[in-house]
Structure formats: structure tokens, C-alpha cells
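Each chain, letter by letter, is given below.
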Amino acid sequence: MWGKIGNIKKGEAFLTCLEYKDGDYCIAHCLEFDIVAQGKTFEEANKVLAELIGEQIKFAAEKDLEDKVLFRPAPAKYWEILRELRTKQARKVLLANPNITATQILNSIECIPAHAYAR
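All of the points below concern the structure found in this document.

The rules behind the values
Residues numbered from 1 in each chain as written. Predicted model: local features only at pLDDT ≥ 70, side-chain atom pairs only at ≥ 80, totals over all residues. Heavy atoms only, no water. Helix = DSSP H or I, 4+ residues; strand = E, 2+ residues; numbered from the N terminus. Buried < 20%, exposed > 50% of the residue type's maximum accessible area, 1.4 Å probe, protein only. Contact = heavy atoms within 4.5 Å. Areas by Shrake-Rupley, 256 points an atom, 1.4 Å probe, with all protein chains shown as cover. Pairing = 2+ DSSP bridges. Disulfide = S-S within 2.5 Å. Salt bridge = Lys/Arg side-chain N within 4 Å of Asp/Glu carboxyl O.

Another point: the overall build of the protein. Regarding its fold elements, the protein presents four helices and four strands. Starting at the N terminus, the α and β elements of the protein follow one another as β-β-β-β-α-α-α-α. Scored against the burial criterion, the 119 residues of the protein give a buried share of 35%. Here the contacts in the protein between residues at least 6 apart in sequence split such that 40% fall between residues at least 24 apart. Here the protein has roughly 7,700 Å² of accessible surface; of this, 55% comes from carbon and sulfur atoms.

This brings us to the environment of Pro73. Position of Pro73 among the secondary structure elements: in the loop between helix H2 (66-69) and helix H3 (76-96). Not counting chain neighbours up to four residues away, the residues in contact with Pro73 comprise Leu31, Glu32, Asp34 and Trp79.

We now examine the pairing of strand E3 (residues 25-30). Most of E3 is tucked away, with five of its six residues classed as buried. With five bridges connecting them, E3 and strand E4 (residues 35-39) associate as antiparallel partners. When the bridges of E4 are listed, Cys26 appears paired with Gly39.

Inspection of every chain in the model, using the stated rule, returns zero disulfides. Free of any disulfide, Cys30 has its nearest neighbouring cysteine sulfur in Cys17, separated by 6.9 Å.

Another point: the pattern of salt bridges. The final tally for this structure, using the stated rule, is one salt bridge. Close ionic contact of Glu80 with Arg83 constitutes a salt bridge, the shortest N to O distance being 2.5 Å. Of the two residues, Glu80 and Arg83 both sit in helix H3, three residues apart, roughly one turn of that helix.

The structure is reproduced here in C-alpha cells:
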């Protein structure tokens, strides 16, 4: 089951993270870096993911490889899942609030509940 979308804030950058279950594991997947972490809880998976992202950035900076190893996006299927999740949530918000503005819709879809998308 695909879970929610979240943003991890590191300094000034916002990174997109998909959370989902894989068997007994909670998975956190940063789409901009295509880095995946697992844990017993989503909190643990996100903590590990943040550490991995930090290490990736540190390694790239130390080796002067920013242009080679940073921002290597996840495969297209994960971005499509993200698009579908956002579309589904936006439709739900619009149907519940017919007079809502586009900005209000976008601001309302930062987190998507775990039942929003099932594979």
C-alpha cells in the first residue's frame, strides 16, 4: 500500500518523500535523490532517510561531485504515483469545498493518508 507524501526540510531545500509499507517494514523514499530507507515505524524510516540524504550531500561536497551524485531522481513510476496521489487528494478536497481556490487546494495536499492509494 502506498502511503503519504511528505516534505523533508533540510536547510532551504524541500524534498519529496513517499511513505509506504513493504511487508513488515515502513519505507521512506526521497524522490529527488532516489534514496530509500526502511524502519519498524515511519518515524524511524524518515529519520534514517534524513541521515542518508545528509551523508549523500556531505560526500558529494567533500569529493566535489555535486553535479554527478546529487539530484538523481527516482524512476518515473514513483513520480507517477506522486502525481496520482496529489490528483486524487485535490479532487477530494475540491468536492468537499466547491468554493476553494487552487492555492488552498495545493496547500491542503502536503500529507496524504495511508489509505489514499492502494496498489
